[in-house]
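# Structural features, examined
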Amino acid sequence: MKNKADIEREIEKTISLLDGKNKMKADAFFYTRLSAKMEQTESNFSFEWLLTSPWLKPLIVAFVLFINIISISHLIKSDDRELTNDDVVSLFNEEYFMTQSTDSYLVINEDL
Amino acid sequence: MIKELKSGSEAAFRELVETYKNKVVNTCFGFVHNYEDADDIAQEVFIEVFKSIKYFKEDSSLSTWIYRIATNKSLDYLRKVKRQKRWSELTRLSLSSNESISNLLTDSKTPFDIMEDKERFAALNTAIDKLANNQKAAFTLHKYEELSYKEIADILDTSLSSVESLIHRAKKNLQKYLFNYYKNQ
């Protein structure tokens, strides 16, 4: 559609659609559904206020930052300490239960 | 009635809902162009009315106050959808809008007229969606609820001349958007 007069006529028709239109209506059970929704909202305890509360937001952010800083500093400190050979051997023993005595196996073998 | 509402009377609240439900659903529909979403927003409007009636100062009429809540809730919903910009949401909106449009069309039309009107409504709704929020609010309240400029000025808490200007600019912008739409057809 390229003709300006035609386009203007179309625009006029389109906008005038709103003048004679039907109105939307709520259905007959609107109040029933509304009261059910309200009851449901009342019975559900919500933590939403915790997130929307303006004074609590900075406190939560500060707490999370504090936990992060503590964790990071703890991690840095633990990285600083180098493991000695003895530490490595004892960790290896603990991991593979090598601290347990093997005497019992020897006793069993003797019986045979 | 307001006194009874403030005292928490369920009967008064029911009466209020029955009185205003059609107006609220129709207003919300004017903004979102989808019946299911308009119905959901209308429920949120009445929940807000129930919660906030104790703070209602009666410096405006009850009707103005309810229309104001409906307008704000609808614009909030549109902002939320725009923010999310989820493809699924947009698809759902456009699909069910087409079904909702059928309810707006006046009776005694041929199938061809109905099809043509549906296309016109779809183009018009797309154009309305592009309007700035204050123009959209003024235009929708005027065209969908047939409110006077004075009533719209009260709802939007602005002057009569501002409403006249908003509606004038809204019409100009709609003509511009629709001109581009029909030019490219």
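Source: prediction; values computed, not measured. (Residues numbered from 1 in each chain as written. Chains lettered and ligands numbered in written order. Predicted model: local features only at pLDDT ≥ 70, side-chain atom pairs only at ≥ 80, totals over all residues.)

### Considering the overall build of chain A
The condition is simple: Helix and strand assignments follow DSSP, with helices taken as H or I runs no shorter than four residues and strands as E runs no shorter than two, numbered in order from the N terminus. Note on burial: count the other C-beta atoms lying within 10 Å of the residue's C-beta; 20 or more is buried, 12 or fewer is exposed, in between is partly exposed, and C-beta positions come from the backbone.
In terms of helices and strands, chain A carries 6 helices and 0 strands. Along chain A, helices and strands appear, N-terminal first, in the series α-α-α-α-α-α. Every one of the 112 residues in chain A was classed for burial, and the buried ones make up 5%.

### Considering the packing of helix H6 (residues 111-129) of chain B against helix H9 (residues 160-183) of chain B
Residue and element names in this part refer to chain B. The condition that has to hold: Lines fitted to the C-alpha atoms define the axes, with helices restricted to the stretch that makes contact. Angles between their N-to-C directions range from 0 to 180 degrees. Should an angle fall under 35 degrees it is taken as roughly parallel, and over 145 as roughly antiparallel, whereas 65 to 115 is taken as roughly perpendicular and any remaining angle as oblique. Each crossing is labelled by how the near helix is turned from the far one, with a counterclockwise turn of less than a right angle marking it left-handed and a clockwise turn marking it right-handed. Note on contacts: residues are paired as contacts if their backbone-placed C-beta atoms lie within 7 Å. Put simply, Ala, Val, Leu, Ile, Met, Phe, Trp, Tyr, Cys and Pro go in the nonpolar bin, Asp, Glu, Lys and Arg in the charged bin, and everything else, Gly too, in the polar bin.
Across the interface, H6 lies against H9 with an axial gap of 9 Å and an inter-helix angle of 130°. Here H9 runs oblique to H6, going by the angle between their axes. Every pair of crossing elements has a handedness; the one defined by H6 and H9 is right-handed. Seen from H6, the contacting residues are Ala123, Ala127 and Ile128; seen from H9, they are Leu174, Tyr177, Leu178 and Tyr181. Residue composition of the contact of H6 with H9, grouped by class: 7 nonpolar, no polar and no charged.

### Quick look at the interface of chain A and chain B
Contacts between the two partners involve 23 residues from chain A, matched on the other side by 33 residues from chain B. The residue inventory of the side of chain A that touches chain B, partitioned by class, reads 12 nonpolar, 3 polar and 8 charged.

### Some words on helix H7 (residues 133-144) of chain B
All names here are of chain B. For clarity, the threshold we go by: Residue count minus one, scaled by 1.5 Å, sets the expected span of a helix.
Counted at 1.5 Å a residue, the expected span for H7 with its 12 residues is 16 Å, and the 16 Å between its end C-alpha atoms agrees. Here H7 lies mainly inside the structure; 10 of its 12 residues are buried. All of the buried residues in H7 are Gln135, Lys136, Ala137, Ala138, Phe139, Thr140, Leu141, His142, Lys143 and Tyr144. Here the buried face of H7 lies against helix H2 (10-32), helix H4 (62-84), H6, helix H8 (149-155) and H9. Residue Glu146 follows H7 closely and has a positive phi angle near 55°.

### Observations concerning the confidence of the model for chain B
Spelled out, the test is: Per-residue confidence from the predictor is given as pLDDT, running between 0 and 100.
When pLDDT is averaged along chain B, the result is 86, and 86% of the positions lie at 70 or above. Here the predicted complex carries an ipTM of 0.77, next to a pTM of 0.70.

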